Amino acid sequence: MILLMGIAGSGKGTQGKMLADQHNFHLISMGEVLRMYVTGQQRERMLAGELLDDQEIIAIVDRVLSSLPDSEEVIMDGFPRTIPQAEWLMGQVKAGRFSLRTAFHLVASREAVKQRLLQRGRIDDKEAAIEARFDEYERSTAPLLTWLSEHGIDVLNINAERSVEAVNDEMVKHLNAR
Ligand code: AMP
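Residues numbered from 1 in each chain as written. Predicted model: local features only at pLDDT ≥ 70, side-chain atom pairs only at ≥ 80, totals over all residues. Heavy atoms only, no water.

(A) How the structure looks around the overall build of the chain. Within the chain, the regular secondary structure consists of eight helices and five strands. Tracing the chain from N to C terminus, the helices and strands come up as β-α-β-α-α-α-β-α-β-α-α-β-α. Computed over its C-alpha atoms, the radius of gyration of the chain comes to 15 Å, within 12% of the 16 Å expected for a compact globule of 178 residues. C-alpha atoms of the chain, sized along the principal axes, occupy 40 × 35 × 30 Å. Taking all 178 residues of the chain together, 47% fall into the buried category. Partitioning the intrachain contacts of the chain with sequence separation of at least 6 by distance along the chain shows that 74% fall at a separation of at least 24. Approximately 9000 Å² of the chain is accessible, and the part contributed by carbon and sulfur atoms is 49%. Of the side-chain charges in the chain, 21 are positive and 27 negative, and the distance between the mean point of each set is 2 Å. (Helix = DSSP H or I, 4+ residues; strand = E, 2+ residues; numbered from the N terminus. Rg over C-alpha atoms; globule rule 2.2 N^0.38 Å. Buried < 20%, exposed > 50% of the residue type's maximum accessible area, 1.4 Å probe, protein only. Contact = heavy atoms within 4.5 Å. Areas by Shrake-Rupley, 256 points an atom, 1.4 Å probe, with all protein chains shown as cover. Lys, Arg positive; Asp, Glu negative; His and termini not counted. Charge placed at Lys NZ, Arg CZ, Asp CG, Glu CD.)

Given below as structure tokens:
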């Protein structure tokens, strides 16, 4: 399993798709999965840029992962996003369900990606929801980078303010070096 982390607009979706196509890996985009599963109040919370409850997310991700064939590589775009989610994942790793190879942290500043998001024009790509997602990332997801390192996972910082190709090249090099 390969984890993709980074603020909204850092390119997790684009990079995840490229890697999955190049290597024939599965790709789970947590945001896409949730846009498929979630309605009502939860959907409203998503659109406001808030994270959904850990227990809910874990139940969904567990179901999605169970539907995949065993022992094939999976790229996770947007999971885990909190320490409780990561604790669940590490529990699964320890139980032998997956092996966790690498976490790529796509590093980009808010200023650098804000225009990208406003141009993308998803319904949650409005100024207030973008800011909320940035704040939520800092509060809930950024501490996870340290947490993963402390739990023996290589977290590779990739400068994501460069071209799509340059970012992809660097990630492929890391994967091939393993
Ligand atoms: P994304 O498409 O990755 O930007 O995700 C869109 C939205 O889905 C986020 O702003 C959250 O509301 C929700 N979401 C995605 N992944 C998670 C997660 N791992 N935990 C909680 N909420 C999530």
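From this point on, the discussion continues.
(B) Broad picture of the sheet that holds strand S2 (residues 26–29). If you walk across this open sheet you meet the five strands as S2-S3-S1-S4-S5, and the pairing is parallel. Both outer strands of the open sheet, S2 and strand S5 (155–159), are each paired with one neighbouring strand and no more. In this sheet, neighbouring strand axes are inclined to one another by 20° on average, regardless of whether the strands run parallel or antiparallel. Bridging between strand S4 (residues 102–107) and S5 involves five bridges; their strand directions are parallel. By the bridge assignment for S5, Phe 104 is matched with Leu 156. Taken strand by strand, helix H7 (residues 127–150) contacts strand S1 (2–5), S4 and S5, and its axis lies near 145° from that of S1. (Pairing = 2+ DSSP bridges. Axes fitted to C-alpha atoms, helices over the stretch in contact; angles between N-to-C directions.)

(C) Local environment of the site of the ligand. Arg 35, Glu 50, Gly 78, Arg 81 and Gln 85 are the nearest of the 15 residues found near the ligand. A distance of 3.3 Å is found between an oxygen atom of the ligand and a side-chain nitrogen or oxygen belonging to Arg 122. Relative to its unbound accessible surface of 480 Å², the ligand loses 96% to contact with the protein. If you tally residues by element for the shell around the ligand, the top one is helix H2 (residues 30–37), at four residues. Looking at side-chain class alone, the shell around the ligand contains seven nonpolar, three polar and five charged residues. (Near = heavy atom within 4 Å. Polar contact = N/O pair within 3.5 Å; in protein donor to acceptor, adjacent residues only side chain to side chain. Nonpolar A, V, L, I, M, F, W, Y, C, P; charged D, E, K, R; others polar.)

(D) Geometry of the environment of Ala 128. Here Ala 128 is to be found in helix H7. The class for Ala 128 is exposed, based on a relative accessible area of 62%. When the C-alpha positions of Ala 128 and Arg 178 are compared, they lie 40 Å apart, and in sequence the two are 50 residues distant.

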